[in-house]
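# A structural walkthrough
So the chains spell out like this:
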Amino acid sequence: MNNFRIGFGYDVHQLHEGLDFWLGGIKLEHKKGALGHSDADVLIHVICDALLGAANMRDIGYHFSDKDPKYKGIDSKILLREVMKLIRHEGYEVGNIDTTVCLELPKVNPHIPAIKACLSEVMGIEEGAISIKATTTEKLGFVGREEGVSAYCVALIYKK
Ligand SMILES: [Zn+2]
């Protein structure tokens, strides 16, 4: 049982008109997009944080500083590939991840198959190990007012 470890990730980004909206490695068509130093892909960021947390290897900001111009506008898929390298270097493999995206609009559900296919390729794990769920917050709070997007992820990793 000592070979199993669990990790958790949480992240928020503001939404503004005229920005690209990247979610889970794919671009959503919407009048608003997420604001951030990188491409602001909230779903990939929580996956990175859950994996790093499970391995007790700090967080995404520790490894890829938002003060570093090198990461300005960077495709978060590159960061996720790096995180996979970091945890595999420590001898870990991913058991499964389970995520929830909190977003009023656009609807995430139609995009889930494409997101799973993308993340499966980037992480080098089976689609069956990747769960993507979406919820609104019933018009409440910053998500409900369409001012932002948040996401949560838990990840199970193990040492072979
Ligand atoms: Zn983020």
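Our subject in this report is the structure included herewith.

Each value, and the rule that gives it
- Residues numbered from 1 in each chain as written.
- Predicted model: local features only at pLDDT ≥ 70, side-chain atom pairs only at ≥ 80, totals over all residues.
- Heavy atoms only, no water.
- Helix = DSSP H or I, 4+ residues; strand = E, 2+ residues; numbered from the N terminus.
- Buried < 20%, exposed > 50% of the residue type's maximum accessible area, 1.4 Å probe, protein only.
- Lys, Arg positive; Asp, Glu negative; His and termini not counted.
- Salt bridge = Lys/Arg side-chain N within 4 Å of Asp/Glu carboxyl O.
- Polar contact = N/O pair within 3.5 Å; in protein donor to acceptor, adjacent residues only side chain to side chain.
- Contact = heavy atoms within 4.5 Å.
- Donors = N, O, S within 2.8 Å, 3.2 Å for Na, K, Ca; no water.

Turning to the side chain of Asp39, a few remarks are in order. You can see Asp39 is positioned in the loop between β4 (32–34) and α1 (42–54). Nearest to the buried, unbridged Asp39 among oppositely charged side chains is Lys77, at 5.6 Å. At 3.2 Å, the side chain of Asp39 forms a polar contact with the backbone nitrogen of Asp41. One polar contact links Asp39 to Ser76, side chain to side chain, over a distance of 2.5 Å. Setting aside anything within four residues of it in sequence, one finds Asp39 in contact with Trp22, His45, Gly73, Ile74, Asp75 and Ser76.

Our next topic: the coordination of the zinc ion. Bound to the zinc ion are the protein donor atoms Asp11 (OD), His13 (NE2) and His45 (ND1), situated 2.0 to 2.1 Å from the metal. In primary-sequence terms, the residues that donate to the zinc ion follow D-x1-H-x31-H. In this pair, Asp11 is assigned in strand β1 (residues 4–17) and His45 in helix α1, connecting sequence segments 34 residues apart. Owing to a relative accessible area of 17%, Asp11 belongs among the buried residues under this scheme.

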